[in-house]
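In case you want the letters, here they are:
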Amino acid sequence: MNKGGRVLDKLSIVIPCLNEEKNLAELHDELIGINNGKIEIIYIDDGSKDKTWEVIEELIENSSVQVKGIRFTKNFGKEAAIESGFNVCTGDAVVTLDADLQHPVDTIPKMIEFWKNNKDVYIINALKETRQTEPFIKSALIHLYYKVFSFSCGMNLKNHTDFKFLDICVVKQYINLPEKNKFYRGLVNWLGYNSMNINIKINERPGNKTSWGNLQLIKYAKNTILSFSDLPLKSITWLGLFLFFFSLVMTIDTLVKKINGSSAEGFPTVILLILGIGSVIIFSLGLIGEYLAEIFNEIKARPRFVLSNKKESDYKDKQ
């Protein structure tokens, strides 16, 4: 008995999948006994090129627990996959985790107990104790990204993962957010619900391969910062102000030297200044263009994803 605590009648487990045919069966077996089997597992095939959907269909047919499958027409991204899972979940709480076996499933029972025994906690974040083995350059870029994100957005998401336990009220609020370009980790934090953290050790990815390339990671980092902060846009104003004062100082210095008769030929200096200021202007225009693109994508109001298939196990008949 859980005297005075919350009761978890059903737990929804949302799992985005991209080319994960080799991992799903093992992951599914690990999840079966969670919450004494009172779960629903929602697999989202985010445009996989392998047999991920066929494996999901097999799990739907043969599983002893409730299983739902969602298939996208193409790759719409992990954030869209998570939201599509939220749209169909019916549990009292939701867990999101990756399908690549890196997130330790044995942490979920600990999350459940934390949630049951702490009525004022609505979010449980799984934080990496240490990062998995990565090339030095990639590791340095990720570290830089978290520094930039923390400075521009005021949130410290270092070592956060998409492995989270959310009360259903958090999920409902997340779904109701009107923006199209959603950053899951950031928005869950932004909602402001009381949260607690639990440290986890990330398992090594089977084959040590990731479906995320460096260009995808850079694009993802750019989109999360632009969608979450207007500081880069505002920084253009401060940059312009700095250049104004710099040019004022240069003007005064040039006039003083001219009056004293000590001014030298400044052709190289002029060229360098033109190139430097020109680069700043082009960069600033590009940054403004990125924000305009964000606005353009929002006002088009296209759906975040398109389904090509949706299946659910005939769970009631199995009882």
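Above this note sits the structure.
Fair warning: this is a prediction, and the values are worked out from it, not measured in the lab.

Pulling in residues and values, what's your account of a negative patch on the surface?
Judged by side-chain charge, E26, D29, E30 and D106 come together as a negatively charged surface patch. Topologically, E26 is positioned in helix α1 (residues 24–31).

Before we move on, can you summarise the packing of aromatic side chains with the specific residues and values?
If you walk through the whole model with that rule in mind, you get 7 aromatic pairs. Ring geometry for W115 versus F165: centroids 5.9 Å apart, planes at 50°, classification tilted. Here W115, found in helix α4 (residues 108–117), pairs with F165, found in strand β6 (residues 160–167); they are 50 residues apart in sequence, far enough to count as distant. Residue classification places F165 among the buried positions, given a relative accessible area of 0%. Aromatic side chains Y174 and Y184 sit 5.7 Å apart centroid to centroid with 85° between the ring planes, which places their arrangement in the edge-to-face category.

Explain the sheet that holds strand β7 (residues 195–200) residue by residue, including any values.
The strand order across the open sheet formed by 8 strands is β7-β5-β6-β4-β1-β2-β3-β8, and the pairing between neighbours is mixed. Strand pairing shows two members of the sheet lacking a second neighbour, β7 and β8 (307–312), which therefore form its edges. With strand direction ignored, the average angle separating the axes of adjacent strands in the sheet is 20°. As defined by bridge partners, strand β3 (residues 66–72) adjoins β8 across 5 bridges and the pair is classed as antiparallel. For F72, the partnering residue across the bridge sits in β8 and is L307. Contacts from α1 reach β1 (11–17), β2 (39–45) and β3, with the element oriented near 160° to β2. Contacting β1, β2, β3 and β8, helix α2 (residues 52–62) crosses the sheet at an angle of about 155° to β3.

Summarise the side chain of T52; cite the residues concerned and give the values.
Turning to its location among the elements, T52 is positioned in helix α2. From its side chain, T52 meets the backbone nitrogen of E21 in a polar contact 3.3 Å long. Other than its neighbours up to four places away in sequence, T52 contacts C17, N19, E20, E21, L24 and D45.

Would you mind going over the environment of I44 in detail, with residue names and values included?
Take I44: it is sitting in strand β2. Taking the C-alpha atoms as reference points, I44 and R71, 27 residues apart in sequence, are found 5.8 Å from one another.

An account of the pattern of salt bridges is needed here, citing residue identities and associated values.
Taken as a whole and assessed by the stated rule, the structure comprises 9 salt bridges. The partner of D167 in a salt bridge is R6, with the nearest N and O atoms 3.4 Å apart. Taken as a pair, D167 in strand β6 and R6 in the segment before β1 lie far apart in primary sequence, 161 residues in all. Across the pair, R6 and D167 agree in class, each one buried. The shortest N-O distance in the salt bridge between K182 and E83 comes to 3.1 Å. Taken as a pair, K182 in the loop between α6 (168–176) and α7 (184–190) and E83 in helix α3 (residues 78–88) lie far apart in primary sequence, 99 residues in all. You'll find K182 and E83 in the same group, each marked buried.

Calculation rules
- Residues numbered from 1 in each chain as written.
- Predicted model: local features only at pLDDT ≥ 70, side-chain atom pairs only at ≥ 80, totals over all residues.
- Heavy atoms only, no water.
- Patch = residues over 30% accessible without salt bridge, like charges linked within 9 Å, V, L, I, M, F, W, Y side chains within 5 Å.
- Areas by Shrake-Rupley, 256 points an atom, 1.4 Å probe, with all protein chains shown as cover.
- Salt bridge = Lys/Arg side-chain N within 4 Å of Asp/Glu carboxyl O.
- Lys, Arg positive; Asp, Glu negative; His and termini not counted.
- Charge placed at Lys NZ, Arg CZ, Asp CG, Glu CD.
- Helix = DSSP H or I, 4+ residues; strand = E, 2+ residues; numbered from the N terminus.
- Phe/Tyr/Trp six-rings, centres within 6.5 Å; stacked < 30°, edge-to-face > 60°.
- Buried < 20%, exposed > 50% of the residue type's maximum accessible area, 1.4 Å probe, protein only.
- Pairing = 2+ DSSP bridges.
- Axes fitted to C-alpha atoms, helices over the stretch in contact; angles between N-to-C directions.
- Contact = heavy atoms within 4.5 Å.
- Polar contact = N/O pair within 3.5 Å; in protein donor to acceptor, adjacent residues only side chain to side chain.

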